[in-house]
Amino acid sequence: MDYTFKTWKRSREIITNILESYSEEQLIKIPKGFNNNLIWNIGHIIAVNQKLIYKSSNSPIIIPEALLNQYNTGTFPNLDEDRENIPKIKKLLAYTVEKSIYDYHHSNFNKFNELITGTGFHISSIEEAFSFNNYHEALHIGLMLNIKKFI
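One structure accompanies this document, and this report is about it.

Cut-off values and rules
- Residues numbered from 1 in each chain as written.
- Predicted model: local features only at pLDDT ≥ 70, side-chain atom pairs only at ≥ 80, totals over all residues.
- Heavy atoms only, no water.
- Core = buried A, V, L, I, M, F, W, Y, C linked by side-chain atoms within 4.5 Å.
- Buried < 20%, exposed > 50% of the residue type's maximum accessible area, 1.4 Å probe, protein only.
- Helix = DSSP H or I, 4+ residues; strand = E, 2+ residues; numbered from the N terminus.
- Contact = heavy atoms within 4.5 Å.
- Expected span 1.5 Å × (residues − 1).
- Arc of directions from axis to C-beta.
- Phe/Tyr/Trp six-rings, centres within 6.5 Å; stacked < 30°, edge-to-face > 60°.

Observations concerning the nonpolar core
Here comes step 1: Core analysis: the largest hydrophobic core is formed by 41 residues, its most contacted members being I39, I42, I53, F130 and M144.
Here comes step 2: Looking at this core, the elements with two or more residues in it are helix 1 (2-21), helix 2 (24-28), helix 3 (38-54), helix 4 (65-71), helix 5 (79-105) and helix 6 (126-148).
Here comes step 3: Here this core gets 11 residues from one element, more than from any other, and that element is helix 3.
Here comes step 4: What M144 contacts, discounting residues up to four positions off in sequence, is I15, I18, L38, N41, I42 and I45.

Encoded structure:
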């Protein structure tokens, strides 16, 4: 798990650099041909992490429920709310990693409920959930790198 957590922290550093490198207007801009923006992707990463790690373990999520609902799978950007959420999302990027790692090391996760992701990955343990989370975040980093070319 050490390498999984190391990878996750590096992923979040990359995402934080993206967040801090662009203006508010750039973060919420949806380029032509895209259906989301940089800040939606970042919020989505945080929301899916909470579903994968906490909800699948029957543990209370550590972000506001409203953020989970706004950035959940199947949602789309809401430019006014996205703008308002930038400071919250920025704080949650590091906090959710540190808190999740702490909770893992202190056995704060309940029984894990196996699941199959929308892309067909079978996840049967909390360790697999953390591993898939890194894969999911990498996909969205790729999307954000593509969006950056057009803002």
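That shown, we press on.
A few points about helix 1
Here comes step 1: The first and last C-alpha atoms of helix 1 sit 29 Å apart over 20 residues, in line with the 28 Å expected at 1.5 Å per residue.
Here comes step 2: Of the positions making up helix 1, those classed as buried are T4, F5, W8, S11, R12, I15, I18 and L19. Each buried residue of helix 1 sits inside an arc of 135 degrees when the element is viewed along its axis, so together they form one side. Residues of helix 1 that are exposed and angled more than 90 degrees away from the buried face: D2, Y3, K6 and S21.
Here comes step 3: In this structure, the buried side of helix 1 is in contact with helix 2, helix 3, helix 5 and helix 6.

Section: the packing of aromatic side chains
Here comes step 1: Across all of its chains, the model carries 10 aromatic pairs by this definition.
Here comes step 2: Judged by centre distance (5.1 Å) and plane angle (90 degrees), the ring pair of F5 and F130 falls under edge-to-face. Linking F5 in helix 1 with F130 in helix 6, this pair joins segments that are 125 residues apart in sequence.
Here comes step 3: Since its relative accessible area comes to 5%, F5 is described here as buried.
Here comes step 4: Taken together, a centroid distance of 5.0 Å and an interplanar angle of 65 degrees make the contact between Y54 and F109 edge-to-face. Here Y54, found in helix 3, pairs with F109, found in the loop between helix 5 and strand 1 (115-116); they are 55 residues apart in sequence, far enough to count as distant. This pair shows no difference in class: Y54 is buried, exactly as F109 is.
Here comes step 5: Here the aromatic cluster, defined as three or more aromatic residues joined through ring pairs, consists of F5, W8, Y54, Y104, F109 and F130.

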